[in-house]
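Structural overview for review
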Amino acid sequence: MSGPDIELGTRSDTSRAVAFSDAIFAIIITLLVLDLGIPDVPPGRLLSGLLSQWPSYVAYLASYSYVAVVWLNHKAAFNRIRQVDRGLHWMNLLVLFSTALLPFPTIVVSHALQEHNNTDQRVAIAFYALIGAFLCATWLAFYHYLARHPDLLKDQVKGSFFHVERFRALAGVVLYLLAGMIGYLVAPLIGLVIFPLLPVFYALTSAGLYQLRVTRRITHRPPPPP
């Protein structure tokens, strides 16, 4: 079998991968809102019932922001990809798999915080943090694969992009695990407050942290003299 025939069977453009991924992200965001329901309260207590569901709103905000940032990062990554091979398809499916898990820990955190059981709340916060760290780890694998297969990328893509993106993914693993430890060992509400803040970091850097002046200085710093 000739080389071109092999390449036709294993490589393709990015259109199908992007379209499939966008559909998955849309479904995930839709699932997140399903936990926001009308509170079961007696007549005249609707306002207090809605206010008592504040953990659901915070959990929804954290997860929605996280999915939105994942979509932005996904778009930024595929804007730099020329072709997709089987390995990259699997890496992309792994990212989608971890992202699709988010509605589950979101519901767990929401329910645990409304039940007012401290032990369950600690476990729920730690569980959410583990899923968040796992999602970041799948991005780390995704960017590592791209860094090792530069032939899949567009010609103008710089190698420093993957150095910074892998740093962002690794930072996410550390930060989510730290938030989970704080929520489990110190106070669940502290971990809950940290979760919506983490997507802010990724939102501010979703187009590539290398664009920030401080990071440019780091990535373009000349090597130390021998």
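What you are looking at is a predicted structure, and each value in this text was computed from that prediction instead of being measured.

1. Focus: the overall build of the protein
Counting its secondary structure elements, the protein contains 10 helices and zero strands. In the protein, the succession of helices and strands from N to C terminus is α-α-α-α-α-α-α-α-α-α. Each of the 226 residues in the protein was classed as buried or not, and the buried ones make up 39%. In the protein, 80% of the contacts between residues at least 6 apart in sequence involve partners at least 24 apart. A total accessible area of about 12,700 Å² is found for the protein, and carbon and sulfur atoms account for 68% of it.

2. Details of the side chain of Ser110
Position of Ser110 among the secondary structure elements: in helix H6 (residues 103–115). Not counting the four nearest positions on each side in its chain, Ser110 is found in contact with Asp35, Pro55 and Ser56.

3. Looking at a nonpolar patch on the surface
The grouping of Ile38, Leu46, Leu50, Trp54, Tyr57 and Leu189 at the surface amounts to a nonpolar patch, some 600 Å² of accessible area in total. Of all the elements in the fold, those that place two or more residues in the nonpolar patch are helix H3 (46–52) and helix H4 (54–78). Its location among the elements puts Leu189 in helix H9 (residues 188–204).

4. Overview of the packing of H4 against H6
Any two packed helices are characterised by the angle at which their axes cross and by the distance between the axes. Close contact between H4 and H6 brings their axes to 8 Å; oriented N to C, the two are set at 160 degrees. As summarised for this structure, H4 and H6 are arranged roughly antiparallel, according to the angle between their axes. As for the relative orientation of H4 and H6, their crossing is right-handed in sense. On the side of H4, the interface is formed by Pro55, Ser56, Ala59, Tyr60 and Ser63, while H6 contributes Thr106, Val109, Ser110, Leu113 and Gln114. Looking at side-chain class alone, the contact of H4 with H6 contains five nonpolar, five polar and no charged residues.

5. Observations regarding unusual backbone geometry
With phi around 65 degrees, His116 is a residue other than glycine that occupies positive phi space. Within the secondary structure layout, His116 lies in the loop between H6 and helix H7 (118–148).

6. Examining the packing of aromatic side chains
If you walk through the whole model with that rule in mind, you get 10 aromatic pairs. For the pair Phe78 and Phe142, a centre-to-centre distance of 6.1 Å together with 40 degrees between the ring planes defines the contact as tilted. On the criterion of sequence distance, the pair formed by Phe78 in helix H4 and Phe142 in helix H7 is long-range, its members being 64 residues apart. With respect to burial, Phe78 and Phe142 carry one shared label: buried. Measuring from centroid to centroid gives 5.4 Å for Phe104 and Phe127, while their planes differ by 75 degrees, and the two rings are edge-to-face. A residue pair is termed long-range when its members are at least 10 positions apart, and Phe104 in helix H6 and Phe127 in helix H7 qualify at 23 residues.

7. With respect to the confidence of the model for the protein
In this model, the protein carries a mean pLDDT of 84, and residues with pLDDT of at least 70 account for 87%. Ranking the helices and strands of the protein by mean pLDDT puts helix H5 (residues 86–100) first, with 96, and helix H10 (residues 213–219) last, with 47. For the stretch residues 208–215, pLDDT sits under 50, and the model shows 14 contacts to residues farther than four places along the chain or on other chains.

8. Considerations on the packing of helix H2 (residues 15–32) against H4
It is the contact of H2 with H4, at a shortest axis distance of 10 Å, that shows an interaxial angle of 175 degrees. By the angle between their directions, the pair H2 and H4 is classed as roughly antiparallel. Every residue of H4 that contacts H2 at Ala17, Val18, Ser21, Asp22, Phe25, Ile28, Ile29 and Leu32 is listed here: Tyr60, Ser63, Tyr64, Val67, Val70, Trp71, His74 and Phe78. For the contact of H2 with H4, a count of residues per class yields 12 nonpolar, three polar and one charged.

9. Considering the pattern of salt bridges
Applying the stated criterion to the full structure yields two salt bridges. For Arg11, the salt bridge goes to Asp151, with nearest N and O atoms at 2.3 Å. Here Arg11 is found in the loop between helix H1 (3–10) and H2, whereas its partner Asp151 is found in the loop between H7 and helix H8 (160–185), with 140 residues between them in sequence. For Asp151, a relative accessible area of 33% gives the class partly exposed. For Glu165, the salt bridge is made with Arg168, and the minimal N-O distance between the two is 2.5 Å. Linking Glu165 with Arg168, this pair stays in helix H8, spanning three residues, or about one helical turn.

About the thresholds
Residues numbered from 1 in each chain as written. Predicted model: local features only at pLDDT ≥ 70, side-chain atom pairs only at ≥ 80, totals over all residues. Heavy atoms only, no water. Helix = DSSP H or I, 4+ residues; strand = E, 2+ residues; numbered from the N terminus. Buried < 20%, exposed > 50% of the residue type's maximum accessible area, 1.4 Å probe, protein only. Contact = heavy atoms within 4.5 Å. Areas by Shrake-Rupley, 256 points an atom, 1.4 Å probe, with all protein chains shown as cover. Patch = residues over 30% accessible without salt bridge, like charges linked within 9 Å, V, L, I, M, F, W, Y side chains within 5 Å. Salt bridge = Lys/Arg side-chain N within 4 Å of Asp/Glu carboxyl O. Axes fitted to C-alpha atoms, helices over the stretch in contact; angles between N-to-C directions. Parallel < 35°, antiparallel > 145°, perpendicular 65-115°, else oblique. Left-handed = near helix turned anticlockwise from the far one by under 90°. Nonpolar A, V, L, I, M, F, W, Y, C, P; charged D, E, K, R; others polar. Phe/Tyr/Trp six-rings, centres within 6.5 Å; stacked < 30°, edge-to-face > 60°. pLDDT = per-residue confidence, 0-100.

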